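Examining the three-dimensional arrangement
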Amino acid sequence: MPPEVPGSGDTFLSQFSNSEESSEHFSPAPTGYVSGKTKFVVVIGTVMSGLGKGIFASSLAKLLQDKGLSVAPVKLEGYLNIDSGTLNPYRHGEVFVLDDGLETDMDLGTYERVLNQNLGRRNFMTAGQIYTDILERERRGGYLGRDVQMIPHVTGAVKMRLRELAMTGPNAKQVDVVFVEVGGTAGDYENGFYIEALRELAFEEGDGSTCFVALTYILEPSILGEQKSKAAQLGIKRLMEAGIQPHIIACRAKNPVLPKVAQKISMFSNVPMKRVFSMHDRESIYVIPDAMRCEGLDREILSLLHLHDRVDTAAEDRARKGWDAFTAQLAGTRDHRITLGITGKYAALRDAYASIDKAVEHCAVTLGAEVDIRWIDTSDIETGARAAASLEGADAIIVPGGFGMRGVEGKVLCVEWARVNRVPFLGICLGFQMAVIEYSRNVLGWKDAHSTEFDPKCGHPVISELPDQKRLEGIMGGTMRLGAQDVAVQAGSLASFLWKGATTVRERFRHRYEVDPTFIQQLESAGLVFSGRHPKHPIMQMLELPVKEHPFFIGAQFHPELTSRPLVPQPMFMGLIAAAIAQRDPTFAQSELGRRWVRSTSNAPSQPAA
Ligand code: GLN
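Quick caveat: nothing in here was measured; it's all calculated off a predicted structure.

**What to know about the overall build of the chain**
Along the backbone of the chain there are 21 helices and 21 strands. Taking 2.2 N^0.38 as the reference for a compact globule, 610 residues should give roughly 25 Å; the C-alpha atoms of the chain span a radius of gyration of 26 Å, in line with that estimate. Once the C-alpha set of the chain is aligned to its principal axes, its extents read approximately 75 × 60 × 50 Å. Within the chain, the fraction of its 610 residues that count as buried is 58%.

**A closer look at the packing of aromatic side chains**
Any pair of aromatic rings gets described here by the distance separating the centres and the angle formed by the planes. Inspection of every chain in the model, using the stated rule, returns 9 aromatic pairs. Among the aromatic residues, those joined into a cluster by ring pairs are Tyr131, Phe193 and Tyr194. The ring of Trp323 has Lys62 lying over it, and the distance from NZ or CZ to the ring centre is 4.3 Å. A cation over an aromatic ring shows up here: Arg481 above the ring of Phe509, its NZ or CZ 4.3 Å from the ring centre.

**Section: helix 12 (residues 313-331)**
In this model, helix 12 (19 residues) spans 26 Å end to end at C-alpha, consistent with the 27 Å of a helix rising 1.5 Å per residue. Along helix 12, the residues classified as buried are Ala315, Glu316, Trp323, Phe326, Thr327 and Leu330. Down the axis, helix 12 shows its buried residues gathered within 105° of arc, on one side only. Turned more than 90 degrees away from the buried face of helix 12, the exposed residues are Thr313, Arg318 and Lys321. Looking at the buried side of helix 12, the elements it contacts are helix 2 (53-66), helix 4 (106-115), helix 10 (288-295), helix 11 (297-304) and helix 13 (354-367). Put simply, Asp312 is the residue that caps the front of helix 12, since its side-chain oxygen is 3.1 Å from the backbone nitrogen of Ala314.

**A word on the site of the ligand**
The full set of residues close to the ligand is Gly401, Gly402, Phe403, Cys429, Leu430, Gln433, Glu453, Arg510, His511, Arg512, Tyr513 and His559. Taking Leu430, its main chain carries an N or O atom lying 3.1 Å from an oxygen atom of the ligand. Taking Tyr513, its main chain carries an N or O atom lying 2.8 Å from an oxygen atom of the ligand. When isolated, the ligand has an accessible area of 300 Å², and the protein chains bury 99% of it. Of all the secondary structure elements, the ones that give two or more residues to the shell around the ligand are helix 16 (430-442) and strand 17 (504-511). Of the residues in the shell around the ligand, the class split is 4 nonpolar, 5 polar and 3 charged.

**Regarding the pairing of strand 7 (residues 210-217)**
Of all the 8 residues making up strand 7, 7 are buried; the element is thus mostly covered by neighbouring parts of the structure. By the bridge criterion, 6 bridges tie strand 1 (residues 39-45) to strand 7 in an arrangement that is parallel. Counted as the bridge partner of Val42 is Phe212 from strand 7. Relative to strand 8 (residues 248-253), strand 7 is paired through 5 bridges, and the arrangement is parallel. Each residue of the ladder has a partner; that of Ala214, found in strand 8, is Ile249. With helix 8 (residues 230-241) bridging strand 7 and the parallel strand 8, this β-α-β connection has right-handed handedness.

**Remarks on the sheet that holds strand 15 (residues 460-465)**
If you trace the 3 strands from one edge of the open sheet to the other, you get 14-15-18, paired in mixed fashion. For this open sheet the edge positions go to strand 14 (449-451) and strand 18 (513-515), each flanked by a neighbour on one side alone. Between one strand axis and the next, the sheet turns through 30° on average, direction left out of account. Of the strand pairs in this sheet, strand 15 and strand 18 are connected by 3 bridges, and their pairing is antiparallel. Pairing of Glu465 across the sheet is with Tyr513, part of strand 18.

**Notes on the sheet that holds strand 2 (residues 71-77)**
Strand order in the open sheet formed by 7 strands is 5-2-6-1-7-8-9, with parallel pairing between adjacent strands. A single partner strand is all that each edge strand has here, and the edge strands are strand 5 (124-126) and strand 9 (276-280). Taking each pair of neighbouring strands and ignoring which way they run, the sheet shows an average axis angle of 20°. Most of the contacts of helix 7 (residues 192-205) go to strand 7, to which it runs at about 145°, and overall it touches strand 1, strand 2, strand 5, strand 6 (177-185) and strand 7. Across the sheet, helix 11 touches strand 1, strand 7, strand 8 and strand 9, and the angle it forms with strand 8 is around 160°.

**Considering unusual backbone geometry**
Across the junction of Ile151 and Pro152, the peptide omega takes the value 15°, indicating a cis bond. Following the sequence through the fold, Pro152 ends up in helix 6 (residues 150-166). We note that Val47 has phi near 70°; this positive angle belongs to a residue other than glycine. Exposure remark for Val47: the relative accessible area of 32% places this residue in the partly exposed category. One non-glycine residue with positive phi stands out, namely Asn270, at about 60°. Looking at where Asn270 falls in the secondary structure, it is placed in the loop between helix 9 (259-269) and strand 9.

**Structural notes on the confidence of the model for the chain**
Chain-level pLDDT for the chain is 92 on average; 94% of the residues reach the 70-or-more range. When the criterion is pLDDT under 50, residues 1-9 qualifies, and its contacts beyond four places in sequence or with other chains add up to 23 contacts.

**Considerations on the environment of Leu562**
Turning to its location among the elements, Leu562 is positioned in the loop between strand 21 (553-556) and helix 20 (571-584). Note: C-alpha distance between Leu562 and Ile356 (206 residues apart in sequence) is 7.8 Å. Other than its neighbours up to four places away in sequence, Leu562 contacts Phe96, Val97, Glu112, Ser355 and Arg508.

**Some words on a positive patch on the surface**
Together, Lys228, Lys230, Lys237, Lys260 and Lys264 make up a positively charged patch on the protein surface. Checked against the element boundaries, Lys237 lands in helix 8. Overall, the relative accessible area of 37% leaves Lys237 in the partly exposed class.

**As for helix 4**
Where burial is concerned, most of helix 4 is hidden: 10 out of the 10 residues are buried. Regarding helix 4, its N-cap is Asp105, as a side-chain oxygen of that residue lies 2.9 Å from the backbone nitrogen of Asp107 further along. Phi for Asn116, located one or two positions after helix 4, is positive at around 50°.

**Things to note about the pairing of strand 9**
Successive residues of a regular strand alternate their side chains across the two faces of the sheet. In terms of burial, strand 9 is a largely internal element, 5 of the 5 residues being buried. Both faces of strand 9 are covered, namely the face carrying Val276, Ser278 and His280 and the face carrying Phe277 and Met279. In this structure, strand 8 lies alongside strand 9, joined through 5 bridges in parallel fashion. What sits directly across from Ala250, in strand 9, is Phe277. Handedness of the crossover joining strand 8 and strand 9 through helix 9 is recorded here as right-handed.

**Digging into the packing of helix 12 against helix 13**
Across the interface, helix 12 lies against helix 13 with an axial gap of 8 Å and an inter-helix angle of 85°. The orientation of helix 12 with respect to helix 13, classified from their angle, is roughly perpendicular. Where helix 12 approaches helix 13, its residues Phe326, Gln329 and Leu330 are matched on the opposing element by His362, Val365 and Thr366. Of the residues contributing to the contact of helix 12 with helix 13, the split by class is 3 nonpolar, 3 polar and no charged.

About the criteria used
Residues numbered from 1 in each chain as written. Predicted model: local features only at pLDDT ≥ 70, side-chain atom pairs only at ≥ 80, totals over all residues. Heavy atoms only, no water. Helix = DSSP H or I, 4+ residues; strand = E, 2+ residues; numbered from the N terminus. Rg over C-alpha atoms; globule rule 2.2 N^0.38 Å. Buried < 20%, exposed > 50% of the residue type's maximum accessible area, 1.4 Å probe, protein only. Phe/Tyr/Trp six-rings, centres within 6.5 Å; stacked < 30°, edge-to-face > 60°. Lys NZ or Arg CZ within 6 Å of the ring centre and 35° of its normal. Expected span 1.5 Å × (residues − 1). Arc of directions from axis to C-beta. Contact = heavy atoms within 4.5 Å. Polar contact = N/O pair within 3.5 Å; in protein donor to acceptor, adjacent residues only side chain to side chain. Near = heavy atom within 4 Å. Areas by Shrake-Rupley, 256 points an atom, 1.4 Å probe, with all protein chains shown as cover. Nonpolar A, V, L, I, M, F, W, Y, C, P; charged D, E, K, R; others polar. Pairing = 2+ DSSP bridges. Right-handed = clockwise from strand over helix to strand, strands pointing away. Axes fitted to C-alpha atoms, helices over the stretch in contact; angles between N-to-C directions. pLDDT = per-residue confidence, 0-100. Patch = residues over 30% accessible without salt bridge, like charges linked within 9 Å, V, L, I, M, F, W, Y side chains within 5 Å. Salt bridge = Lys/Arg side-chain N within 4 Å of Asp/Glu carboxyl O. Lys, Arg positive; Asp, Glu negative; His and termini not counted. Charge placed at Lys NZ, Arg CZ, Asp CG, Glu CD. Parallel < 35°, antiparallel > 145°, perpendicular 65-115°, else oblique.

Rendered as structure tokens:
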């Protein structure tokens, strides 16, 4: 065993320095870090963004994870925001909240779903985070009179964070492989310092420690009707100009990449043909891992990084079985067909609701249903008749989360339609709050009920911002309640049925407003059941109607879509889709899946236990 040098970890790294003062070789590493233990796979895009880099990188990570290796992905964002919390979802896609409360971009959702692994703040880096750390340290005098520079300080901070991530493996061991996805494309101004940091990292970690994968794009203009490699060549050159020789080239393309095109790319980029892969469009993202394996991409990575002897083939067989069963179901016939109304503006890009879309897909595949999604813009729904016209024919309804006044009244009308017509309903975050408002107005008769987010002076502020409540949980005033929290589930409730009798579940939150406890008792006396609560404080986290009143009416203050995974679909979504199928096809309730997921008066206690 090489002696461990504090702060640099091993003999190899100790030829570099962990102090910016003493050497031009500045290579910071956390205490105990040993180079060579953790391997790095770096995915960098060329030619253009939007090639599905996140799906590519997560599928690759999955292949290695399946082999029993521990993996840790990280997305490097070039923007100056500290997190994605302030980004407009209609421009950038949804804000994906991690277990520890960090607001990140939708790619982290892809990693969590594909890897079935919870991620945290170490898995997401932005230029804003790096610069903030550096500038704060500068103000504290942390650089001891030195000028603070992009190299070595900024690149050093990036390397340090990557090595810290490497230290987060199971049982406090180093992970086998860190997967680094660089946001943007080679040549962008914003990500230049990340690419430089990765070049340095590869040099310092030594041969066989880092594998660079260039994800490129093969054009196939319809006027020519043939594949052209020039843009890909130029893109890869951009990377080589930055001092990075890719080991693997993955070519995104509409159709399988022709050998002569692959040969050109191989020739101009010094990458042998066996490492130039065609990553053409597939019918579904779920078949990509298998497609990569068939092409031998995983084997090349194992060879380049000398990882063959860490592979556990029995683990791989098990993992493949589960995933293959899912993809088989995906391709198989669907016995049921339902229409799901979602009150969101599809025109404003499906990416804004990516996790809901995925959660529905996971459940649809598992339950053998074809789900047609109807996106409903509620901003022009002003009357019950308009709501009915928009929702007519929908077998289930989701009112998702949101911020801002637009379309709020229309959402309340949609909840009313679902409740009165006994159409399966799932309210998420804002949708949960809308359900409380709807019940207050139409069942309790408080016509002036609202949320103080939209009408601060309303007569019945059933949803309010309650800083004192948040203080109970130690959340600072004004900020949102973010990240995973335990939810105590009421025994005998629909929620309890969906979670197989679990008394506590853990789900992720992102909200500022909540049910005002002053009104809880009256709402409950009028028949609304708060079946999920904060384990200690009067914070309402799930609501529902008894099954004798409504086949499936449930709401969550949290975001259930964030925790749904292909092989572990989220229970509330399963319940919703199953209830919709059962309404259409009563025999479904008697099937094995139906018995598991459809709540009926026969399998529900008459009165949920208090
Ligand atoms: N605007 C509401 C709140 O802040 C709901 C937020 C959401 O749906 N994510 O509480």
